[in-house]
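Close look at the chain arrangement
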Amino acid sequence: MTPFDVMGAARQVAVVLELTTDPELLPVVRRTAGVLARQLGFPKGQQLSLQEGVEKACRQFLQRSGCEGRTLHVVFTGFSDRLEIVVENEADGTETSEEESYLLRQLLDRVVVEETEAGKLRLTLVKYRSPEGSAQ
């Protein structure tokens with residue numbers, strides 16, 4: 001049983017983190033994604049894929065963006081069928097290599113890198129929950 005079985009599908013779970021852009025804090029993002037995925041009823045394999053994908057995407061985001069001394073804003077939103085993670089900071093560079101994109105698409109269902117109107121870089125990551133017993 002997931003929290004949505006009790007609360008109803010219209011409810012959602014949200015967690016907001018403000019972190020310095022120190023790569024040593026990425027395990028906090030990974031752990032938060034894992035805990036939320038477990039609470040939302042994701043199968044174990046999907047939990048692990050989500051955690052690995054989120055950490056890799058955020059690490060690449062930090063390496064590309066040259067964001068030393070800035071703040072990383074991370075919002076986790078859990079829905080009945082998916083977990084969405086939005087990462088934002090004031091940074092430059094939206095290029096992602098084909099290899100990076102391919103790996104992230106194997107771990108996550110959707111990865112979008114964009115520049116906002118406010119000049120911030122936004123990374124949106126989505127993992128859909130498959131029914132119990134599915135391969136991933």
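Right above here is the structure, for reference.
Residues numbered from 1 in each chain as written. Predicted model: local features only at pLDDT ≥ 70, side-chain atom pairs only at ≥ 80, totals over all residues. Heavy atoms only, no water.

1. Brief notes about the sheet that holds strand E2 (residues 71–78)
The five strands are arranged E1-E2-E3-E5-E4 in an open sheet whose pairing can be described as antiparallel. The open sheet has two edge strands with one neighbour each: strand E1 (13–20) and strand E4 (110–115). Taken pair by pair, the neighbouring strands of this sheet meet at an average axis angle of 15°, ignoring direction. Sheet topology note: the E2/strand E3 (residues 82–89) ladder contains six bridges and is antiparallel. Each residue of the ladder has a partner; that of Phe 76, found in E3, is Ile 85. Set on the sheet, helix H2 (residues 26–39) makes contact with E1, E2 and E3; between it and E1 the angle comes to about 175°. (Pairing = 2+ DSSP bridges. Helix = DSSP H or I, 4+ residues; strand = E, 2+ residues; numbered from the N terminus. Axes fitted to C-alpha atoms, helices over the stretch in contact; angles between N-to-C directions. Contact = heavy atoms within 4.5 Å.)

2. Notes on the pattern of salt bridges
For the structure on display, the rule yields seven salt bridges. For Arg 122, the salt bridge identified is with Glu 114, shortest N-O distance 3.7 Å. Relative accessible area serves as the criterion here: at 32%, Glu 114 is assigned to the partly exposed category. Residues participating in the shared-partner salt-bridge network are Arg 30, Glu 55 and Arg 59. (Salt bridge = Lys/Arg side-chain N within 4 Å of Asp/Glu carboxyl O. Buried < 20%, exposed > 50% of the residue type's maximum accessible area, 1.4 Å probe, protein only.)

3. Notes on the packing of aromatic side chains
Aromatic ring pairs are reported here in terms of the distance separating the ring centres and the angle at which the planes meet. One pass over the full model with this rule turns up zero aromatic pairs. Seen from the ring of Phe 79, Arg 82 lies directly overhead, with NZ or CZ sitting 3.9 Å from the centre. (Phe/Tyr/Trp six-rings, centres within 6.5 Å; stacked < 30°, edge-to-face > 60°. Lys NZ or Arg CZ within 6 Å of the ring centre and 35° of its normal.)

4. Here's the deal with the environment of Gly 78
Positionally, Gly 78 belongs in strand E2. The buried category is assigned to Gly 78, whose relative accessible area is 1%. With 66 residues separating them in the primary sequence, Gly 78 and Gln 12 have C-alpha atoms 5.5 Å apart.

5. Side note on the nonpolar core
One finds Leu 50, Val 54, Val 74, Phe 76, Ile 85 and Val 87 to be the most contacted residues of the largest nonpolar core, which totals 27 residues. Those elements that place two or more of their residues in this core are E1, H2, helix H3 (44–65), E2, E3, helix H4 (98–107) and strand E5 (121–128). With six residues, the single largest contributor to this core is H3. (Core = buried A, V, L, I, M, F, W, Y, C linked by side-chain atoms within 4.5 Å.)

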